[in-house]
Amino acid sequence: MIKMLAPYAEKYMSDKPKFPFGLRWKKSPDEWDKTIIAVSPYVLKDLVLTQDTEPPASGTETVQQQNFKIRLAHSDDRINNASLLVQRMYRKQGYDIPGIQRMPDRITLMASQNDSVVGTITLGIDAGEGLLADENYKHEVDLLRSEGRKVCELTKFAVDQARGSKRVLAALFHIAYIYGRVLQKQTDVVIEVTPKHALFYKRMLGFEQMGPERLNSRVNTMGVLLRLEIEYVDRQIERWGGKADQAQGERSLFPYFFSKDDEVGISRRLLQG
């Protein structure tokens, strides 16, 4: 259950959200059960962006129209569907990993298109049970804790590379940010990734390396710990959020994030969830 933090709850529960560019609010429980946001329609560029490829050069993008919804994976069925995507995408890279497990200090978000899961990410809060990153990087995470930092982590991130997009990636990361930063007051986020994927997170989101390469026993491959100060994300969303059409030359994902005004409505929906 999401905690209603006093400074934010009154604002988010009272303000009437406004959604430009086709953003639509939940209409009925039967139609969009646990839908946080639905985007329809959007003209998307750079439709597929994998962790190992460069964005297309200007003028060479594939322009398509795409609709998608971001939902909380609150039921066993949705958790299973998200797990299948994670396992399928990781298996393509040669990794055999366990599925997503429901835990009280974690939320799983899923992006769906025509009832098919095209992306998912899980956010864990350090609320007494520790983080998965403690298994390989407890010393590094403890350093943050000793400084009074509030640390959350991202895990089980996967996007169907044939159907994903910058907009889908940005929506998943932004809603995870809203839950962690706005609703739970976290100051830092960490993520364990393979060394070859580290550049993607550094370039697209501003992560910095915090720990050396070590064997990650959960996926039986070498991994590295990355850290992102969430205050940096605050500034980037303030500067770039909702401005994809004005961000020529900006290579990060932040122009594809929602605007600060849209955060109000999304936060309200999360509080109601």
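Positions within a chain are numbered from 1, following the residues in the order the chain's sequence is written. Reporting of local features is limited, given that this is a predicted model, to residues whose pLDDT is at least 70; pairs of side-chain atoms are given and counted only at 80 or more, and all residues count toward the totals for whole chains, interfaces and linings. Side-chain numbers here rest on the full set of heavy atoms in the structure, without hydrogens or water.

**Overview of the overall build of the protein chain**
The number of helices and strands found in the protein chain is 7 helices and 10 strands. Looking at the protein chain as a whole, 52% of its 273 residues are labelled buried. For this analysis, residues touch if any pair of their heavy atoms sits within 4.5 Å. The contacts of the protein chain with a sequence gap of at least 6 include a subset with a gap of at least 24, amounting to 70%. Exposure was quantified through the Shrake-Rupley algorithm and a 1.4 Å probe, taking into account, for residues, occlusion by the shown protein chains and nothing else. Roughly 13200 Å² of accessible area belongs to the protein chain as shown, and the carbon and sulfur atoms make up 47% of that amount. Strands are runs of DSSP state E lasting at least 2 residues, helices are runs of H or I lasting at least 4, and numbering of each runs from the N terminus. The rule is simple: take the accessible area with a 1.4 Å probe, protein chains only, and divide by the maximum for that residue type; under 20% is buried, over 50% is exposed, in between is partly exposed.

**Some remarks on helix α3 (residues 134-146)**
Three- or four-residue spacings in an α-helix give side chains the same orientation, since the helix completes a turn every 3.6 residues. Expected span of a helix, by definition, is 1.5 Å for each gap between consecutive residues, and there is one gap fewer than residues. Compared with the 18 Å implied by 1.5 Å per residue over 13 residues, the 14 Å span of α3 between its first and last C-alpha is markedly short. Two axes define the bend at a residue: one fitted to the seven residues ending there, one fitted to the seven starting there, and the bend is the angle between them. Of all the bends in α3, the largest measures some 45° and sits at E140. Looking at the buried positions of α3, the neighbouring elements they touch are β6 (151-159), β7 (188-193), β9 (214-216) and β10 (221-229). Remark: G148 follows α3 within two positions and exhibits a positive phi of approximately 80°.

**As for the packing of aromatic side chains**
Aromatic rings from Phe, Tyr and Trp, taking only the six-membered ring of Trp, are treated as a pair when their centres fall within 6.5 Å; an angle between ring planes under 30 degrees marks them as stacked, one over 60 as edge-to-face, and anything in between as tilted. Under the definition given, this model contains 6 aromatic pairs. Aromatic pair F254 and F257: ring centres 5.0 Å apart, planes at 50°, arrangement tilted. Under the relative-accessibility criterion, F257 is labelled buried at 3%. One aromatic cluster is present, formed by F157, F173, F200, Y201 and F207 through successive ring pairs.

**Some thoughts on the pairing of β10**
Here, any two strands with at least 2 DSSP bridges between them count as paired. Here β7 runs beside β10; their pairing, made up of 6 bridges, is antiparallel. Following the sheet pairing, E192 is matched in β10 by L225. Two strands pair when backbone bridges link them, and strand β8 (residues 208-209) and β10 are joined in this way by 2 bridges, in the antiparallel orientation. Note that in β10 the partner of Q209 across the bridge is L226. Two strands pair when backbone bridges link them, and β9 and β10 are joined in this way by 3 bridges, in the antiparallel orientation. Looking across to β10, one finds that N216 is bridged to T221. In this structure, the hairpin formed by β9 and β10 is closed by a connection of 4 residues, where N220 is found at a positive phi of approximately 55°.

**Side note on helix α6 (residues 230-240)**
Among all positions of α6, only I230, V233, D234, Q236, I237 and W240 are buried. Buried residues belonging to α6 abut β6, α4 (166-183), β7, β10 and α7 (260-272). A positive backbone phi angle near 75° is found at G242, which sits one or two residues after α6.

**Describing the nonpolar core**
Among the nonpolar cores identified, the biggest contains 55 residues, and L109, L154, F173, I175, Y201, L205 and F207 are the most heavily contacted of them. Among the elements that make up this core, the one with the highest residue count is α4 (13 residues). Beyond its immediate stretch of four places on either side in the chain, L154 contacts I121, T122, L123, F173, A176, V189, V190, I191 and F207. Nine residue types can take part in a nonpolar core, namely buried Ala, Val, Leu, Ile, Met, Phe, Trp, Tyr and Cys, and a core is a set of them joined through side-chain atoms within 4.5 Å. Among the nonpolar cores identified, the runner-up in size contains 13 residues, and A82, L85, Y95 and M110 belong to it.

**Section: empty space enclosed by the protein**
Rolling a probe over the atoms, with the probe sized like a water molecule, indicates the empty space that remains. Points on a 1 Å grid, built from protein atoms alone, make a cavity when a 1.4 Å probe fits but cannot get out and make a pocket when they are open with protein on both sides within 12 Å along at least 5 of 7 lines; residues with an atom within 4 Å of a point are the lining residues. Grid points are joined across faces, edges and corners, and a volume is the space filled by probe spheres set on the points. If you walk through the whole model with that rule in mind, you get 2 cavities of 30 Å³ or more. Its volume calculated, the second largest cavity comes out at about 160 Å³. What lines the second largest cavity is a set of 16 residues, among which L154, F173, Y177, V189 and L228 lie closest to the centre. Of all the secondary structure elements, the ones that give two or more residues to the lining of the second largest cavity are β6, α4 and α6. Among the elements that make up the lining of the second largest cavity, the one with the highest residue count is α4 (5 residues). Under the scheme applied, nonpolar residues are Ala, Val, Leu, Ile, Met, Phe, Trp, Tyr, Cys and Pro; charged residues are Asp, Glu, Lys and Arg; polar residues are all the others, including Gly. Across the lining of the second largest cavity, the residue classes tally to 14 nonpolar, 1 polar and 1 charged.

**Observations concerning unusual backbone geometry**
Notably, N114 is not glycine yet its phi reads approximately 55°, a positive angle. Positionally, N114 belongs in the loop between β4 (106-113) and β5 (116-125). Non-glycine residue N220 carries a positive phi angle of around 55°. Structurally, N220 is set in the loop between β9 and β10. Given a relative accessible area of 62%, N220 falls into the exposed group.

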